[in-house]
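Here are the chains, one letter per residue:
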Amino acid sequence: MITRKPHIIGKPFPLIEAQKKLTGVSCYAGDESPREGLLHARILFSRRAHARFQLLHIEQARSHPGVTALLTGRDLQARLGTIIEDRELLAVEEVRYAGQPLAIVAAETPEAAVEALALIEVAYEDLPAVFDINDALAPDAPLVHPQVATYRGYERVHAQPNSNLAHHLSFRRGDAAKAMAEAAVVLEQVYTASPLQHAPMETHGGVAQQLDDGSLMLWLHSQAPFLQRQTIAQALHMPPEDVRIRTQCVGGSFGSKVFVSVEGLLAAIARETQGRPVRLHLSREEEFQAIFMTPAMKARVKMGVDENGRIIAMQATYDWNVGASIDAFYLQMQAIVLAGTGPYAIPNVEIHTRAVYTHLLPAAPMRGLSIAQVHWAVEQHVDELAELVDMSPLAFRQWNLVKGGDQLFPHFVMHANGLETCTLETAKAIGWQADAGPDRSGHIARGKGLAMGWSPILVSPNCKSRVSIQCDATDLCTVIVDGVDIGQGYYAFITQLIAFELSFPIEWITVEPTDTANYDPHWQAIYHNLLWSTGRALLQATAELKRQILSYVSEMWEEPMSNLDIVEGDVISYATRRRLSVLELLQRGSDEKARPPVFRAEGIYEAPEPNDELDSLLQSFAATGYAAEVAVNMETGHVAVLQLAGAADVGHAINPEGVKAQLKGGMVQSISLTLLEEMRFQQGVPTTTDFMTYPIATTADMPQKMFPIVVEVPQSTGPYGARDLSNHVVVGASAAIGNAIYRATGVRIRHLPITAQRVYDAFMRHHASQNSS
Amino acid sequence: MKHEIEFIINGQNMQFTVDSNQTLLEVIREELGLTGAKYGCSTGECGACSVLFNGEVVNACMVLAPEAAGAEIITVEGLAEEDELHPLQKSFIDHHGVQCGYCAPGMLISAKALLSRTSRPHEEEIREALVGNLCRCGAYADIIKSIQVASRARR
C-alpha cells in the first residue's frame, strides 16, 4: 500500500542543526577561520563622550615588538552607515561618544596588542556634551553632528538643521485635538524606559583576511551579512564583490548584529597585514562600553474616552535617545508610528516619534523593534484609563480592540487576527476571572495584570529572499539561503518545509552556512520575517524541484507525470505501483543518460517597492498577549513574578514546540528587561560593564509557572498560513508585569525597569503624599 | 614564567608548556582547538566556559593553566561516546534546549555534574545547578525540561 508521509508541518520537529552547537563543533565567528599566521586585533576606544583629542606616541606603538599594523583616524578617514553615514570607522580629531574607536592594532599575540595600545596616550580637550533628550533639544544645545547635512543618506532622514533632532515621523487620523476636547474622560501621563544592552552571550568580533587578489574574506556572526557587506564595502570604498562574508552560528544578536559595529574596522585592519588573518573578539567590558545600546524612551501619552467607554482620541509622542547615531534605528521609527496606538481602533489619532542625537553610544533596536517599550507606555495607560472609567482592564480592552476589516492606514486593512484570543487565553491561564482582587494582608502583596501587544511586521525595503536547492548523488539535498539562523529555528524550518514538500527524510537535507559568495555582489537579502519570505521562496523552489524529478522519471518510465509522486524518499507511480528510491535515482539515473542527474531549482520572493506612504512596508501585525501574577515585598520593593502567560498569534504553528520555545524564552527575557536591566552612564561613559552591574535573568528569576500559548489565525499570504514570531514575543510583557504590580500595591511605576529600588522609592513617595493629604 | 604541565582532557593525556598567566580556557581553545567552551565574560560570571575539573564544574576562564597540572578535565567534546551522543545532548535536541547555542556547552557540563550527584533531580535542584550559567535567549525552561527528560531516560 502506498501512503503519504504523515503531515510533519505543525508537528514537533527536533532541532537537528543544533547538534554542532551541543557537541562543540566549530561554528561560531572565527572558529572555522584559518589559524595559521593568525594575528590578534584590539581597539582603542574613547573614554570621553565629547572632546577634541590627539593620539600621542603612535609611532612608538606602531614599532612595538609584535605589532603588524596600526590604524588611526588620520590613516583612514572613513564614514560608516547603512541608511545614513553618521558614524566613522575611526574618530578624526573629535569624539562624539565614549566607546568610539580611536585606533586599531593587529599584533602577533593578544598581549602585544594590549601593550601597544597602552603606549598610546590620548590627550582629550573636553567639549560640552548632551546626554538626555531634553538637554539635546534645548535651543543652545551643543550639536552632536553639526555637519549632518553633508552625510551620505541625509536626504532619507527628516532631521532639523542646527538641532539634534535626527529623525521624526508622524501619523494623523481624524481630528485628535477636537475629539479630545469632547471626551468625557481624559488622561495624560509620561512613561519612560532606560537604555538597554543587547548583551548577546557571544560578544562582537570575527576574523578577516585579505586574499591574494586583494579581496576581503570575513567570518562574522552577522544577522544580516548582505547588509553588512554593502556597508563595509561602501565605507572602505571597495566594490562589493571584493567583500565576502560567511556566517554560520550566531551566539545571540537581539538586534545588535544586524548593522555593522566593529566589523568594518576589522575589515580595514586586515587590509594592512599582507594576507595574514586577523581575529577580533571584544571582551565583555568592551561589549558593554562600545557596542550599540537600545535607546532610552520618553513617551507622553494622552487618551480621551467617551461616555460609552470608547477611546475616541489619542495624542502621543515617543521620543528616543539614539546617542550618536540614528543609522541602525531609522527603520524602527516607522514601526513605532504604526504601532503607536497599541491594538486599539481609535478614530482620532495624532502620533509623533522623534529620534534625538546625544553624546551616547549609537542606538540599535532591541528584539521587538522597540515596540516593547511603546507597549510599556500604551498598555499601562489603557489600564489606568480602565480604572478611571470603572471598567475591568479586560473588558475595556475588548471593547476598544482593533478588529479584522478595520481600515487602519491608507493602504492597509487589518486582517483577521488573534488579538482577543491572546488576551482571553492568557487571562484564563493565570486565573484572572477567579481573582478575588489584590491581597495586601501581609508584607507580601500579590496581584495580577494583563497587557496586549501588536507589532507591525515590516518587509525590509528593497530586499529579496532567494533560495536554491540542489539534489545530487554526493550531497543529496543542499540548500543555499540568504537568511541567518540566530537561534530562532530558521534552519529547522527550512528542513521541515523541504522534508514535507519533497517527502525527503530530514537526514538528506543540509542547509549551507550563509555566504555572500553564493549571491551576486549587489544582492540585498531580507533579514526580518524570514519564515515568511524564505518560506515563500522555498515553496517555489521545492515545487520546481519536484517537477524536475518527476519529469525525469516520467520520461524514464514512459508514464505521464500526473501518475507520479514522491513518497518518503521514493518516486512512486499511483497507476503502475512502480517505486524507485530518489537515492538510487540520484546515483544511477536513467540507463539512457550518460551521467546521473543533478536537479537544481531556485525560488525568489521579492518585497514590494517601498514608497513615501507610511504603511508601504507593512505586511501584517503580529498579535501577542501577556498576563502576570506578581508578589511584591512591601518592605523592600522586591518583585517576584509568580506566573506569566504569554500568547502569540503565529497564523499556523509550523513547529509548535519551537513556537513555545520562543515564547518561553521571550518571557524570561521580558522579566529580565522589566525588572533588572538598565544601562547607566557617568558623564556619558557606561558604568554598567559586566553582568554584576548589568544583571540579566538567571534560572533564579524564572516564574514558578509559565504558560506559553499558541494562537493560530491563519495569515493568507504566509507559508501554510504562518506568520513570523521571534521578534515580537517580548511585546506586552513589561506592561503586564507593571499592571500586576499596580494591582498588587496600588502604586504605579512609570519608569522601566521596575527595580526594587524604584518600587521602594515609589512606596515612600506614595506614603508621604498620603500622609500629607 | 613557563610551566610544564600534564593533564587528562576528555580521556587523553596531554602535555603543555604554559605561561603563568594563561587560563585553562585559553589552553583548551587556542592550544587544543576545542571550541566547545566559550569566551563569554572572562570574569566567571556567565558560565559559558564551564568544564568539569576533577568532576567539579569550574569556569575555565578563572582557572590558571598551571593549576590544571595533574587534573582530569572534561569539556563538552568529551560527552559523546564515539558517534553516540550523550543522552543530555539528544534531549537538548529533542526538547529545544538550544536557541543561539552559545551557552549550551556550559549548560550541558553543569547538567552532567548535577546528574552525577543526583540521578533524578527535581526542578528546583536543576534551577539551582544552572544558576551560574547565563542564557540570554532565556531558554531556561526548555533546558530544564531537557535535563529532566534525560535524567529519566538514563534509568
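1. What about the overall build of chain B?
Argument step 1. Scanning chain B from terminus to terminus reveals 5 helices and 5 strands.
Argument step 2. The linear arrangement of helices and strands in chain B, starting from the amino end, is β-β-α-β-β-β-α-α-α-α.
Argument step 3. For 155 residues, the compact-globule estimate of 2.2 N^0.38 gives 15 Å, and the C-alpha radius of gyration of chain B, at 15 Å, lies within 12% of that figure.
Argument step 4. Judged by the C-alpha coordinates and their principal axes, chain B covers about 45 × 30 × 25 Å.
Argument step 5. Buried positions account for 55% of the 155 residues belonging to chain B.

2. Focus on the overall build of chain A
Argument step 1. Secondary structure summary: chain A contains 18 helices and 36 strands in total.
Argument step 2. Over its C-alpha trace chain A gives a radius of gyration of 28 Å, about what one expects of a compact globule, namely 28 Å for 773 residues.
Argument step 3. If one aligns the C-alpha atoms of chain A with their principal axes, the spans along those axes are about 95 × 70 × 50 Å.
Argument step 4. When each of the 773 residues of chain A is scored for burial, the buried share is 56%.
Argument step 5. In chain A, the proportion of contacts linking residues at least 24 apart, taken out of those at least 6 apart, comes to 79%.

3. What to know about unusual backbone geometry
Residues and elements named next belong to chain A.
Argument step 1. Omega for the bond connecting L752 with P753 falls within 30 degrees of zero, at 5°, which places this linkage in the cis form.
Argument step 2. Residue position: P753 is located in the loop between β36 (751–752) and α18 (756–772).
Argument step 3. At Q274, a residue that is not glycine, the phi angle is positive and equals roughly 50°.
Argument step 4. Position of Q274 relative to the elements: it lies in the loop between α7 (263–270) and β15 (278–281).
Argument step 5. Note on Q274: 9 C-beta atoms within 10 Å, which makes it exposed.
Argument step 6. Of note, Y720 is a non-glycine position whose phi angle comes to about 55°, a positive value.
Argument step 7. In this structure, Y720 sits in the loop between β35 (705–711) and α17 (733–745).

4. Remarks on the nonpolar core
Argument step 1. Counting 304 residues, the largest nonpolar core has V105(A), I269(A) and I498(A) as the members making the most contacts within it.
Argument step 2. Among all residues touching I498(A), those that are not within four sequence positions of it are I469(A), C477(A), V479(A), F504(A), I509(A), L538(A) and T542(A).

5. Overview of the domain arrangement of chain A
Residue and element names in this part refer to chain A.
Argument step 1. Domain annotation of chain A identifies domain 1 (16–24 + 461–606), domain 2 (39–127 + 200–253 + 257–290) and domain 3 (293–459 + 612–772).
Argument step 2. The gap between the C-alpha centroids of domain 1 and domain 2 is 39 Å.
Argument step 3. Each partner contributes residues to the interface: domain 1 has 16 residues there, and domain 2 has 20 residues.
Argument step 4. Here the side of domain 1 that touches domain 2 is built from residues that sort into 8 nonpolar, 5 polar and 3 charged.

6. Digging into helix α14 (residues 530–557) of chain A
Argument step 1. End to end, α14(A) covers 39 Å across 28 residues, agreeing with the expected 40 Å (1.5 Å per residue, within 8%).
Argument step 2. E558(A) sits one or two residues past α14(A) and shows a positive phi near 55°.

7. Section: the sheet that holds strand β22 (residues 444–458) of chain A
Residue and element names in this part refer to chain A.
Argument step 1. The strand order across the open sheet built from 4 strands is β22-β31-β32-β35, with neighbouring strands paired in mixed fashion. On the outer flanks of this sheet lie β22 and β35, each paired with one strand and no other. Strand-to-strand twist across the sheet, computed as the mean angle between neighbouring axes with direction ignored, equals 15°.
Argument step 2. Pairing geometry for strand β32 (residues 639–649) and β35, over 7 bridges, is parallel.

8. With respect to the interface of chain B and chain A
Argument step 1. With 40 residues of chain B at the interface, the matching set in chain A holds 43 residues.
Argument step 2. Sort the elements by how many residues they give to the side of chain B that touches chain A and helix α2 (residues 87–94) of chain B lands first, with 4 residues.
Argument step 3. The residue makeup of the side of chain B that touches chain A, split by class, is 23 nonpolar, 11 polar and 6 charged.

9. A look at the domain arrangement of chain B
All names here are of chain B.
Argument step 1. For chain B, the assigned domains are domain 1 (2–78) and domain 2 (87–153).
Argument step 2. Contact residues are listed per partner, giving 13 residues for domain 1 and 12 residues for domain 2.
Argument step 3. When residues of the side of domain 1 that touches domain 2 are traced back to their parent elements, those giving at least two are β3 (50–53) and β4 (56–59).
Argument step 4. The dominant element in the side of domain 1 that touches domain 2, judged by the number of residues it contributes, is β3, at 3 residues.

10. Section: the pairing of strand β10 (residues 185–193) of chain A
Residues and elements named next belong to chain A.
Argument step 1. Pairing geometry for β10 and strand β17 (residues 296–305), over 9 bridges, is antiparallel. Among the inter-strand pairings, A193 is bridged to a residue of β17, identified as M297.
Argument step 2. For β10 and β36, the ladder comprises 2 bridges, and the chain directions are parallel. Bridged to A193 within β36 is L752.

11. What about the packing of helix α6 (residues 225–235) of chain A against α7(A)?
Residue and element names in this part refer to chain A.
Argument step 1. As a packed pair, α6 and α7 sit with axes 10 Å apart at the nearest point and diverge in direction by 50°. The orientation of α6 relative to α7 falls into the category oblique. The handedness of the crossing between α6 and α7 is right-handed. Residue-level inspection shows Q228, T231, I232 and A235 of α6 in contact with α7, the latter providing E263, G264 and A267.

12. Focus on the pairing of strand β19 (residues 348–356) of chain A
Residues and elements named next belong to chain A.
Argument step 1. Of all 9 residues in β19, 8 are buried; the element is thus mostly enclosed.
Argument step 2. Alignment of strand β9 (residues 165–173) against β19, held across 8 bridges, turns out to be antiparallel. Within β19, the residue paired with H168 across the bridge is R354.
Argument step 3. Direction of pairing for strand β18 (residues 311–321) relative to β19: parallel, over a ladder of 9 bridges. By the bridge assignment, W320 is partnered in β19 with A355.

13. Looking at the sheet that holds strand β29 (residues 579–581) of chain A
Residue and element names in this part refer to chain A.
Argument step 1. Read from one edge to the other, the open sheet built from 3 strands follows the order β27-β28-β29, with strand pairing classed as antiparallel. In this open sheet, the two edge strands, each paired with only one partner strand, are β27 (564–567) and β29. Between one strand and the next, the sheet's axes are offset by a mean angle of 25°, whatever the strand orientation.
Argument step 2. Relative to strand β28 (residues 570–573), β27 runs antiparallel, the two being bridged by 4 bridges. Paired with D565 across the strands is I572, a residue of β28.

Reading guide: rules and limits
Counting restarts for each chain: residues are numbered from 1 in the order of the written sequence. Chains and ligands are labelled sequentially in the order written, the chains with letters from A and the ligands with numbers from 1. Residues qualify for local features only when their pLDDT is at least 70, as the model is predicted, and side-chain atom pairs are given and counted only at 80 or more; totals for whole chains, interfaces and linings, by contrast, use all residues. Counting from the N terminus, the helices are the DSSP runs of H or I reaching at least four residues and the strands are the DSSP runs of E reaching at least two. The size measure is the radius of gyration over C-alpha atoms, and the globule rule it meets is 2.2 Å times the number of residues to the 0.38 power. The burial criterion counts other C-beta atoms lying within 10 Å of a residue's C-beta, which is placed from the backbone; the residue is buried at 20 or more, exposed at 12 or fewer, and partly exposed between these limits. Any residue pair is listed as a contact if its two C-beta atoms, each placed from the backbone, are within 7 Å. As used throughout, a nonpolar core is a set of buried Ala, Val, Leu, Ile, Met, Phe, Trp, Tyr and Cys residues joined through C-beta atoms within 7 Å of each other. Boundaries between domains were set according to an automatic or database domain assignment. Note on residue classes: Ala, Val, Leu, Ile, Met, Phe, Trp, Tyr, Cys and Pro are nonpolar, Asp, Glu, Lys and Arg are charged, and everything else, Gly too, is polar. By this rule, a helix spans an expected 1.5 Å times one less than how many residues it contains. Strands qualify as paired when DSSP identifies two bridges or more between them. Orientation is described by axes fitted as lines to C-alpha atoms, over the contacting stretch for helices, and by angles from 0 to 180 degrees between their N-to-C directions. For classification, angles of less than 35 degrees are called roughly parallel, those exceeding 145 degrees roughly antiparallel, those between 65 and 115 degrees roughly perpendicular, and all remaining angles oblique. Note on convention: the crossing is left-handed when the near helix lies turned anticlockwise from the far helix by less than a right angle, right-handed when the turn is clockwise.

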